[in-house]
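Understanding the architecture of this molecule
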Amino acid sequence: MAKIVCVLYDDPAAGYPTSYARDDIPTIDGYPGGQTAPSPKAIDFTPGALLGSVSGELGLREFLESQGHTLVVTSDKEGADSVLDRELPDADVVISQPFWPAYLTAERIAKAPKLKLAITAGIGSDHVDLDAAIEHGMTVAEVTYSNSISVAEHVVMMILGLVRNYLPAYQTVWDGGWNIADCVARSYDLEGMHVGTVAAGRIGTAVLRRLAPFDVKLHYTDRHRLPESVERELGLTFHPSAADMVPHCDVVTINAPLHPETEGLFGDKLLGTMKRGTYLINTARAKIADRDAIVRALESGQLAGYAGDVWYPQPAPADHPWRTMPHHGMTPHISGSSLSAQTRYAAGTREILESWLAGTPIRDEYLIVDGGRLAGAGAHAYSTRV
Ligand code: NAI
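About the thresholds
Residues numbered from 1 in each chain as written. Predicted model: local features only at pLDDT ≥ 70, side-chain atom pairs only at ≥ 80, totals over all residues. Heavy atoms only, no water. Helix = DSSP H or I, 4+ residues; strand = E, 2+ residues; numbered from the N terminus. Polar contact = N/O pair within 3.5 Å; in protein donor to acceptor, adjacent residues only side chain to side chain. Contact = heavy atoms within 4.5 Å. Pairing = 2+ DSSP bridges. Axes fitted to C-alpha atoms, helices over the stretch in contact; angles between N-to-C directions. Near = heavy atom within 4 Å. Areas by Shrake-Rupley, 256 points an atom, 1.4 Å probe, with all protein chains shown as cover.

1. Considering the side chain of serine 125
The topology assignment puts serine 125 in the loop between strand 4 (117–120) and helix 4 (130–135). Of the polar contacts made by the side chain of serine 125, one reaches the side chain of threonine 120; its length is 2.8 Å. Discounting chain neighbours no more than four positions away, the residues touching serine 125 are Thr120, Leu130, Val140, Glu142, Ile368 and Tyr382.

Right, here's the structure in full:
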């Protein structure tokens, strides 16, 4: 029998919801390119319910306990005395969401001799030390595509929010004000601007597709070039690297995983090559940008705005400088955890567990590490330190 430790974010401050804003969510059966949505044998939750918080339990308890497995659900993940650290020594599986990451460092993995599987309920497995996972013979899997479109929608919202100066204008309303000039003195149209994405995987391509109708000039860089037909359809300009692309852009959106190739990419040097007044949107991972370089660029005007939902560490401390830097449009890490996304990644987590517990293969597209190496989606998008 397996012991599964599931690290989730806390319930709402007012308690677990008893009703929701909407009565249903659309059914999504598949994604662009033909991948099917998660298809577990069954689910024990109501689509659209809050599943990502502790009481939601990703809808897993009945399924696991009915087969005799042990499920521990906690939000307590920091420090040697945390529930996570106390449960790790005999855990077989750790489930974590990037929004509230259980950082599976090499030290923690070393203290978990039985740990065989780390599941990311969502996308982005950089909170697991992938080199250590490989060395430990673990499998790392994530629910590829489950929230890619959720993030793409958030990116488009944030681009428009920054360029059009939405948040300060909204604040004016709350403050009882009506100074139009205050609201519009930093407000522009997106139309005609050059927008570039660092990475055109599932999220990056979805962002490009959603922005095309805004009559912008679209750019991208990726280590895998898109098919020529897609480049032509969307009018894309390909650049061999981020350094080649960003000087041409008015808006840059980061949609690459965090791994050795991308860590610290947006530091003083690269930011200094951008046009003065560029907007930068990062919903990928905070450490792709240099925290203090971003603050400096906003203060000097090199960046006109920065928005995103990813921080380091998470949860972000109360004094994190990105909370108070000028012209930002940050949210907590929420873009991939809409109720719609939760339904899909909870189902995908169950699908992965069903396969693993039955000893049948996990879908290749869900694999990041397997068999002692990067595998599946991981081999496509990640690199290791060695
Ligand atoms: P994906 O695997 O479809 O796409 C990643 C792309 O990045 C691939 O096309 C890959 O070739 C490219 N890439 C990797 N290294 C690169 C480099 N050095 N330079 C240029 N391109 C590079 O993944 P998807 O679904 O698009 O997600 C991307 C990332 O977004 C995730 O790894 C995760 O970190 C983040 N994410 C954030 C969420 C949020 O809630 N804020 C939710 C989901 C994902």
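2. Notes on unusual backbone geometry
The omega torsion of the bond from tyrosine 312 to proline 313 falls at -10 degrees, within 30 degrees of zero and hence cis. Structurally, proline 313 is set in the loop between strand 11 (303–308) and strand 12 (328–330). Residue proline 315 is reached from glutamine 314 by a cis peptide bond, and omega for that bond is 0 degrees. Following the sequence through the fold, proline 315 ends up in the loop between strand 11 and strand 12. At alanine 199, a position not held by glycine, the phi torsion is positive, near 90 degrees.

3. Here we look at the sheet that holds strand 11
Pairing is parallel in the open sheet, where 7 strands are placed in the order 8-7-6-9-10-11-12. Of all the strands in the sheet, just strand 8 (236–238) and strand 12 have a single pairing partner and so form its edges. Looking at each pair of strands side by side, their axes are set apart by 15 degrees on average, direction ignored. Two strands pair when backbone bridges link them, and strand 11 and strand 12 are joined in this way by 3 bridges, in the parallel orientation. Looking across to strand 12, one finds that alanine 307 is bridged to glycine 329. Packing against the sheet, helix 5 (residues 148–163) makes contact with strand 6 (194–198), strand 9 (251–254), strand 10 (278–282), strand 11 and strand 12, and its axis sits at approximately 150 degrees to strand 10.

4. Side note on the site of the ligand
For the ligand, the set of nearby residues contains 29 residues, the closest of which are Arg202, Ile203, Asp222, Glu261 and Thr283. Arginine 202 is positioned with one of its backbone polar atoms (N or O) 2.8 Å from an oxygen atom of the ligand. At a separation of 3.0 Å, an oxygen atom of the ligand approaches a polar side-chain atom of histidine 333. Relative to its free-state accessible area of 870 Å², the ligand is covered by the protein chains to the extent of 93%.

5. Re the sheet that holds strand 2 (residues 70–74)
Strand order in the open sheet formed by 7 strands is 2-1-3-4-5-13-14, with mixed pairing between adjacent strands. Either end of the sheet is taken by a strand with one partner, and the two such strands are strand 2 and strand 14 (373–374). Two elements, strand 4 and strand 5 (residues 139–142), share 4 bridges in a ladder whose sense is parallel. Bridging from a neighbouring strand, alanine 118 pairs with valine 140 of strand 5. Against the sheet, helix 13 (residues 339–358) engages strand 3 (93–96), strand 4 and strand 5, with an angle of about 160 degrees to strand 4.

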